Amino acid sequence: MKHTIQQVFHSGKFVVGFSIFVAILLTVIVYPLIITDPPLEIIGQGTFFEPGIYVNVYDSIGSPHYTLNLDDAAAKRIANKLGDEDRLAIKEWLMADGIPEDEIDIKNTEKVLDQWVNNYDPAQKIAGMTNAKRNYFVRLNNSLKGLLSTEGVSIAVKNAETGDLEETGVVAQSDYVNINQVPNVRMLLLGTDNFGRDVLTELVKATGVSLQIGFVAGITATLIGLTLGLLSGYIGGLVDDFIMFITNLFTVIPPIVLLILISFSIGQEQRGAFTIAVVIGFTSWVWTARAVRAQVVSLRNRDHVNLSKLSGHSIVHIILTDILPYIASYVVMALILQIASGILAEAALSILGLGPRTTEVPTLGLMMNWAMIYQAQILGKWWAYFPVIITIALITFSMNLMNTGLDQVFNPALRE
Amino acid sequence: MKGYRKYFLNKLLWFLVTFVFAFILNFTLPRLMPGDPVAAIVSRLAQGLSDATGVQAIYQQYADLFGTNKPILEQFFIYMKNVARGDFGFSFSQYPRTVADALKSSIFWTICLQFPAIIVGWLIGNTLGALAAYLKGGFDKVLMPVSIFISNFPAFGMAVILMVIFGVTLEWFPTSGGYGFDLIPNFSWGFIWSVIVHYQLPFWSIVLISIGGQAIGMRSMSIYELNADYVRYARFMGIKDRKIVGYVFRNAMLPQVTGLALSIGTMVSGALVAEIIFSYPGLGFTLYNGVMGQDYPLISASALIITVMVLSANFIIEILYGIIDPRIKAAQAD
């Protein structure tokens, strides 16, 4: 046993797959210990907040201010406010004004603003320009004036008695706060989803639930497949014929159709994560059953099995001690693949709208489903769906690598 | 020829048995659903209707129409008779449209999309796998991990990523539908071009997901064959490498043909999800609409048609396999 495990860990593929898998598993276990926020708490008012660090504005005004004189602060501020559209519009006006195109660099904020301030004249009429367009430039000019001012912003508080605004302080353009001194800062590494939930926390929880679904589905499928395969292969005769008939039926009927029909039949209320997992297990045992049967048939007449029979051991004893150890490596490999395909099946079902209907736990498929319903992919909200896809791909990839690695260890013909 | 006929009849019988079984499953499973679908429709229709006898009359009318108030065995025979006539009843969610009408066009779209995509994916995958086995070295080292990764990539993930890259960011192809939403199907160039453009993303996402698994299978089959005794013997005999490679790949191909028959069910499920992501007007999308609308005649009929399509594909592949592989004929003649 020890030797086998050593051998397994010498396989590069297995080790890579195993490391990825353990890393995912550790994240799922450790993350909730550090970040204890409930994964499905709706924190954002609005959909799809971008990933980033969210600093409380109110608190940062109240925090101690420090003056830092940074040269490029003003330029950065303006560059941030000045959109691409505005830059193109400025270029258009300047060119219409007669400035050669190669002298205008709209990426260089400072220079382009300089040219604008020097050349723009609201009274000037440019031939062929509509009134609406001219008004647009007037508005643009006014907003730029605001940007270029060097004064700070006043903070005013409403007087409770008179209702007048009273200035309580001024935030200068060179004022900074230390983020560590702001009491309320929330890191949203993957932003929020369509409900305003923290995607990262939700994703970790969902990965855990999906892994559980995978395990339950995989174990169910493997147990059914193993039992049927052992019975069919070892007993043979009519039992074998019957089991093989059922197996062949389920081989050709596409599992997705069965999954859809069964999960639709269960109905929305009863469709919890665990039920879905069992249903997936019930529709994917076919391959294990076939392969186990094939191996058992070849083992059935080996000398050691016959010897065991002659010694009067019971069928259960023979199966447990003389047959199972020989197919154990195969069954473990099949289990790994079943877990991976269980996770994929849950995701596919959820996309169809037939996934677990729970409000307490997220699954990877449900996260994907919501992202699709809210069209995250069209709106460019990559953080709502891309991490989910990558997580699913990493889980199934790591499991398949482990499987391939094991295959090479236990199946000498495949060794390179 | 006698051996082949036996093989053919055997496969045909098996096709019929699986069909009957699938038919029964299709009928029973959705009807186990708790809750009364007719009641659901009536409650939707009768909103704002305070007259209890009026609601009762509507309920009775729909129950008669869908036949849900009869015993289940009678429903089964009615269903069987109707299906034989191509009548799947009315769709719950799109009433008064019939299910047959809702499915008619989607079958066409699905066959045109999935059949070529799966074949192309299978061909490309096998070629790559064979090349990896034969060339070894760098090509193999790169192709294998990529294939394993792609074959484990969820089908919807591939579809979404292709959509984001080529549809949303680059805007080369439209992101949804089977043709421009402003067009009426006809035989003009504009329409055909629109269909071709809409076809690309779903097609390639299905091709890409089917490549990986096939390449892995073909590679290990080819490696196995390349180490077989007959290859060594042929080498000793001084037969040219190219000729040997020809034999090897012909032999390695055979299990891949059966592999296609066995994996077609899985491939179709991936393709159905791709259809949903791209809102392609095929069976997958219709099924999705059925699920969303709690429309069990539609779900049942789509599931039945998908099953029949997969079973037929299986049947055709196995018949072809019998023709390609002479050993089948020999085995059946014994």
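Scroll up for the structure.
Predicted, not measured: the structure shown is a model, and the values here were computed from it.

What counts, and where the lines are drawn
- Residues numbered from 1 in each chain as written.
- Chains lettered and ligands numbered in written order.
- Predicted model: local features only at pLDDT ≥ 70, side-chain atom pairs only at ≥ 80, totals over all residues.
- Helix = DSSP H or I, 4+ residues; strand = E, 2+ residues; numbered from the N terminus.
- Buried ≥ 20, exposed ≤ 12 C-beta atoms within 10 Å, placed from the backbone.
- Contact = placed C-beta atoms within 7 Å.
- Core = buried A, V, L, I, M, F, W, Y, C linked by C-beta atoms within 7 Å.
- Axes fitted to C-alpha atoms, helices over the stretch in contact; angles between N-to-C directions.
- Parallel < 35°, antiparallel > 145°, perpendicular 65-115°, else oblique.
- Left-handed = near helix turned anticlockwise from the far one by under 90°.
- Nonpolar A, V, L, I, M, F, W, Y, C, P; charged D, E, K, R; others polar.

### Side note on the overall build of chain B
Now for step 1: Within chain B, the regular secondary structure consists of 13 helices and zero strands.
Now for step 2: By the burial criterion, 39% of the 334 residues in chain B qualify as buried.
Now for step 3: In chain B, of all internal contacts separated by at least 6 residues, the share reaching a separation of at least 24 is 71%.

### Describing the nonpolar core
Now for step 1: In terms of nonpolar packing, the biggest core is built from 156 residues, with Ile260, Ala348 and Met368 of chain A together with Phe156, Ala159 and Ile277 of chain B touching the most fellow members.
Now for step 2: With sequence-adjacent residues up to four places away left out, isoleucine 260 of chain A is seen in contact with Leu352 and Leu354 of chain A together with Leu287, Ile299 and Ala303 of chain B.
Now for step 3: The next biggest cluster of nonpolar side chains, apart from the first, holds five residues, and it includes Ile90, Trp93, Leu94 and Phe137 of chain A.

### So, the packing of helix H8 (residues 189–226) of chain B against helix H10 (residues 241–277) of chain B
Residue and element names in this part refer to chain B.
Now for step 1: The interhelical angle for the contact between H8 and H10, taken along N-to-C directions, is 155°, at an axis separation of 9 Å. In terms of their interaxial angle, H8 and H10 are classed as roughly antiparallel. H10 is crossed by H8, and the crossing has right-handed handedness.
Now for step 2: Looking at the contact of H8 with H10 residue by residue, the class counts come to 13 nonpolar, 11 polar and two charged.

### Examining the interface of chain B and chain A
Now for step 1: Contacts between the two partners involve 46 residues from chain B and, on the opposite side, 38 residues from chain A.
Now for step 2: Residue assignment for the side of chain B that touches chain A shows that the elements contributing at least two residues are helix H1 (2–31), helix H6 (137–151), helix H7 (155–169), H8, H10, helix H11 (283–292) and helix H12 (296–324) of chain B.
Now for step 3: Of the residues assigned to the side of chain B that touches chain A, the class counts are 35 nonpolar, 11 polar and no charged.

### Some thoughts on the environment of isoleucine 61 of chain A
Residue and element names in this part refer to chain A.
Now for step 1: Topologically, isoleucine 61 is positioned in helix H3 (residues 57–62).
Now for step 2: For isoleucine 61, a count of 16 C-beta atoms within 10 Å translates into the label partly exposed.
Now for step 3: Along the backbone, isoleucine 61 and alanine 328 are 267 residues apart, and their C-alpha atoms lie at a distance of 65 Å.
Now for step 4: Dropping the residues within four chain positions of it, isoleucine 61 is found in contact with Ile155 and Val171.

### Quick word on the environment of glycine 233 of chain A
Residues and elements named next belong to chain A.
Now for step 1: When you line up the elements, glycine 233 lands in helix H8 (residues 199–235).
Now for step 2: According to the C-beta neighbour criterion, glycine 233 is buried, with 26 such atoms within 10 Å.
Now for step 3: When near neighbours in sequence (up to four residues on either side) are disregarded, glycine 233 contacts Val292, Arg293, Val296, Val297 and Arg300.

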